[in-house]
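Structure at a glance
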Amino acid sequence: MPHTPHAPLFVREMGLPLRFGLYAFFCLLLLVLDARYATLAGVRAGLNALIHPVHIALAQPLDWMQGISRFLVKHAELARDNRHFIQRQELLDAGMRDRATLLAENTRLRALLALPPRPGFTLLAGEVIETTPDPFARRIIINRGQSHGVSAGLPVVDATGLVGQVTRVYPWSAEVTLLTDRDQAAPVLNLRNGLRIIVSGQGSDTLLEVRFLDMHADLRPGDLLYTSGIDGIYPAGVPVARVLNTEPPRNTPFARAICQPLGGVGQYRHMAVLVPTAVPTPTEKNGAAPSPHVAGSKRP
Amino acid sequence: MNTLQPLLPQGAELIRPPTRTKVFGSLSLAFGVTLLPWLEDIRWLVPDFTLMALLYWNIHAPRLTGLGAAFVFGLLTDVARGVFFGLNALVYCAATFVALLVHRRLEGFSIPHQALQISPILLGKELLLLTLGLALGRGTVDWRWLAAGLVAVLLWPPMAWLFDRATGRTRSSATAMQQTSR
């Protein structure tokens, strides 16, 4: 017969309300430590290392099922796809040749202007493992982490535009806060006239907004917003959003604009982290700078 | 004192009592179910299985679980959901505290009655989680997420039935036996 603990003969433990009070106090302490001082990243990474294998194992049967259904597609479908992909490949090859010449020309022009070279980024492709079940935040977990060279703060893109930013890094996975999160912002410039503004999330899945827009700012529906690159985090020239409409100021001195993200924010399974490659830049002479990009642009 | 129930476990309950292995095994299982890759569209409807299992054991085997287990599983949930440390732990501890206060009363009810009696805890948990998020300044609240509490109430009867089978609890017969001996 399995052992079950017996009721103690004499009650010599703290009362229930007192014990609850202690636990509640400890929880609040943890909350404050995490929310205000962000000191518990190590503990979180450790616990995540425990949970991560379970996560992967639980998602596995679904992957197998998808694998089997993929295996059973028709031959005609495969042949058609193959033809389609060969055509596409040729198109892309042509595009790549253009890109190579453009890159070469760009380096020449930069050298001409004596600008510091922009640090290169390598694309690290990753897959979405899961979305976090949190009603307040728009975040996803990808299967690339510290061991792959991801660090907090790196931008995340997909084929069509900016998706978000890495906010927490675990050993084998990372948390990406999507552009649509309320606390997420990206500095952009209007492609039409070079107007620099900041686009932030709204907390809805499909819309972004420009919160504090000068009421005389020249921003029209249909304008395309690309990253400006002046923050030192996002590289310049990544498509971010298209302006849907602007609202005149009401009760505040600022106008507001609603935009639609160009990247597939929260739509696709695959995306890429932009990992900066170690490029020898003038920053090494300047000492410790937060980002080679920012330091480079400050140079006289 | 609950007079409807026999003081000592009877019959099947005596042969298969709740053990530490059963309790923590089922808690881990429930936690695993919340980690499953649920579809994004029904995410807000997925009930908190971990809390349901915690409540069941706190009602029927309070000596084996308690605030400590609630705290540990709360922290694990915090990590799995990627929210502030201590948020779910606090909510789980509060729910466990309420359940422990009234566990003598809840123990004797039939399963559907128990589901009704426990609904304030399950709904209150979701409400507390959303309110805490609001208090911590995490933005606007999507009140749809309260529905997870309702789903948890609806899923309480099948879960309690399953757990009863695992521990050999027989509610109706225990009550009946008491009534015939009167």
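Residues numbered from 1 in each chain as written. Chains lettered and ligands numbered in written order. Predicted model: local features only at pLDDT ≥ 70, side-chain atom pairs only at ≥ 80, totals over all residues.

1. As for the overall build of chain A
In terms of helices and strands, chain A carries 5 helices and 12 strands. A buried classification covers 25% of the 300 residues belonging to chain A. Look at the contacts in chain A between residues 6 or more apart in sequence, and 57% of them connect residues 24 or more apart. (Helix = DSSP H or I, 4+ residues; strand = E, 2+ residues; numbered from the N terminus. Buried ≥ 20, exposed ≤ 12 C-beta atoms within 10 Å, placed from the backbone. Contact = placed C-beta atoms within 7 Å.)

2. Description of the overall build of chain B
In terms of helices and strands, chain B carries 9 helices and 0 strands. When its helices and strands are written in sequence order, chain B yields α-α-α-α-α-α-α-α-α. For chain B, the residues scored as buried account for 41% of the 182 residues in total. The long-range share in chain B, meaning contacts at least 24 apart out of those at least 6 apart in sequence, stands at 67%.

3. Focus on the interface of chain B and chain A
Listed by partner, the interface residues are 38 residues for chain B and 37 residues for chain A. Elements with a contribution of two residues or more to the side of chain B that touches chain A: α2 (20–35), α4 (67–81), α5 (87–101) and α7 (111–135) of chain B.

4. Comments concerning α2 of chain B
The α-helix winds at 3.6 residues per turn, so residues separated by three or four positions along the chain end up facing the same way. Across its 16 residues, α2 of chain B extends 23 Å between first and last C-alpha, which sits within 8% of the 22 Å expected from 1.5 Å per residue. Every buried residue of α2 of chain B is accounted for by V23, S26, L27, F31 and L35 of chain B. Considering only its buried residues, α2 of chain B is in contact with α2 (41–71) of chain A together with α3 (49–60), α4 and α8 (147–167) of chain B. (Expected span 1.5 Å × (residues − 1).)

5. Things to note about the nonpolar core
Soluble globular proteins tend to pack their nonpolar side chains together in the buried interior. Counting residues in hydrophobic clusters, the biggest one holds 54 residues, and the most contacted among them are M52, L54, L55, Y56, Y92 and C93 of chain B. Listed by contribution, the elements that provide at least two residues to this core are α1 (16–37) of chain A together with α2, α3, α4, α5, α7 and α8 of chain B. A total of 11 residues in this core trace back to one element, the largest contributor, which is α5 of chain B. Once residues lying within four places of it in the same chain are set aside, the contact partners of C93 of chain B are F20, Y23, A24 and C27 of chain A together with L67, A70, F71 and G74 of chain B. V166, V169, Y170 and L262 of chain A belong to the second largest nonpolar core, which has 37 residues in total. (Core = buried A, V, L, I, M, F, W, Y, C linked by C-beta atoms within 7 Å.)

6. A closer look at the confidence of the model for chain B
All names here are of chain B. This prediction gives chain B a mean pLDDT of 85; 86% of its residues lie at or above 70. Under a pLDDT of 50 for its full length, residues 176–182 has, in the predicted model, 4 contacts with residues more than four places off or in other chains. In the model output, the complex is listed with pTM 0.67 alongside ipTM 0.82. (pLDDT = per-residue confidence, 0-100.)

7. Concerning the sheet that holds strand β2 (residues 139–142) of chain A
All names here are of chain A. The sheet built from 6 strands closes into a barrel, its strands ordered β1-β2-β5-β4-β3-β12 with antiparallel pairing. Neighbour to neighbour, the strand axes of the sheet diverge by 45° on average, direction disregarded. Pairing between strand β3 (residues 155–158) and strand β12 (residues 270–276): 2 bridges, direction antiparallel. Each residue of the ladder has a partner; that of V156, found in β12, is V273. (Pairing = 2+ DSSP bridges. Axes fitted to C-alpha atoms, helices over the stretch in contact; angles between N-to-C directions.)

8. Quick notes on the pairing of strand β10 (residues 239–247) of chain A
All names here are of chain A. In this structure, strand β9 (residues 224–227) lies alongside β10, joined through 3 bridges in antiparallel fashion. Counterpart to L224 in the pairing with β10 is R242. In the sheet, β10 pairs with strand β11 (residues 255–261) via 6 bridges, with the strands oriented antiparallel. The residue of β11 that forms the bridge with A241 is P261.

9. Quick look at unusual backbone geometry
One non-glycine residue with positive phi stands out, namely N251 of chain A, at about 70°. For N251 of chain A, the position within the fold is in the loop between β10 and β11.

10. A few points about the environment of R144 of chain A
Residues and elements named next belong to chain A. For R144, the position within the fold is in the loop between β2 and β3. On a C-alpha basis, the gap between R144 and V273 in space is 8.6 Å, while along the polypeptide they are 129 residues apart. Leaving out residues up to four positions away in the same chain, R144 has contacts with L124, G126, V150, A174 and V273.

11. Brief notes about the sheet that holds β11 of chain A
Residue and element names in this part refer to chain A. Taken in spatial order, the 6 strands of this closed barrel run β6-β7-β8-β11-β10-β9, and their pairing is antiparallel. Each strand of the sheet is rotated relative to its neighbour by a mean of 40°, with strand direction disregarded. In terms of strand pairing, strand β8 (residues 208–213) meets β11 through 4 bridges, oriented antiparallel. In the strand pairing of β11, E209 is matched with I258.

12. Overview of the packing of α2 of chain B against α4 of chain B
Between two packed helices, both the angle of their axes relative to each other and the distance between the axes serve to describe the pair. All names here are of chain B. Closest axis-to-axis distance for the α2/α4 pair is 11 Å, and the angle between their directions is 20°. Considering their axes alone, α2 and α4 lie roughly parallel with respect to each other. Of the two possible hands of crossing, α2 and α4 adopt the one that is right-handed. From α2, L27, F31 and L35 reach across to α4, where they touch A69, F73, L76 and A80. Split by residue class, the contact of α2 with α4 holds 7 nonpolar, no polar and no charged. (Parallel < 35°, antiparallel > 145°, perpendicular 65-115°, else oblique. Left-handed = near helix turned anticlockwise from the far one by under 90°. Nonpolar A, V, L, I, M, F, W, Y, C, P; charged D, E, K, R; others polar.)

13. Thoughts on α1 of chain A
Residue and element names in this part refer to chain A. Taking 1.5 Å of rise per residue, the 22 residues of α1 would be expected to cover 32 Å, and the 31 Å separating its terminal C-alpha atoms lies within 8% of that figure. Along α1, the residues classified as buried are F20, Y23, C27, L30, L31 and D34. Here the buried residues of α1 occupy an arc of 100° about the axis, which is enough to place them on one side. When the buried face of α1 is taken as reference, the exposed residues oriented beyond 90 degrees from it are P17, L18, F25, L29, R36 and Y37. (Arc of directions from axis to C-beta.)

14. What to know about the environment of S228 of chain A
All names here are of chain A. Its location among the elements puts S228 in the loop between β9 and β10. Note on S228: 21 C-beta atoms within 10 Å, which makes it buried. It is 9.6 Å that separates the C-alpha atoms of S228 and I198, two residues lying 30 residues apart in sequence. In contact with S228, other than residues within four places in its own chain, are P187, V188, L189, R196 and A236.

15. Comments concerning the environment of R242 of chain A
Residue and element names in this part refer to chain A. Relative to the assigned elements, R242 resides in strand β10. Its 16 C-beta neighbours within 10 Å are what place R242 among the partly exposed residues. Between the alpha carbons of R242 and Q260 there is a distance of 5.2 Å; along the sequence they are 18 residues apart. Sequence-distant contacts of R242, that is, excluding residues within four places in its chain, are made with G222, L224, C259, Q260 and L262.

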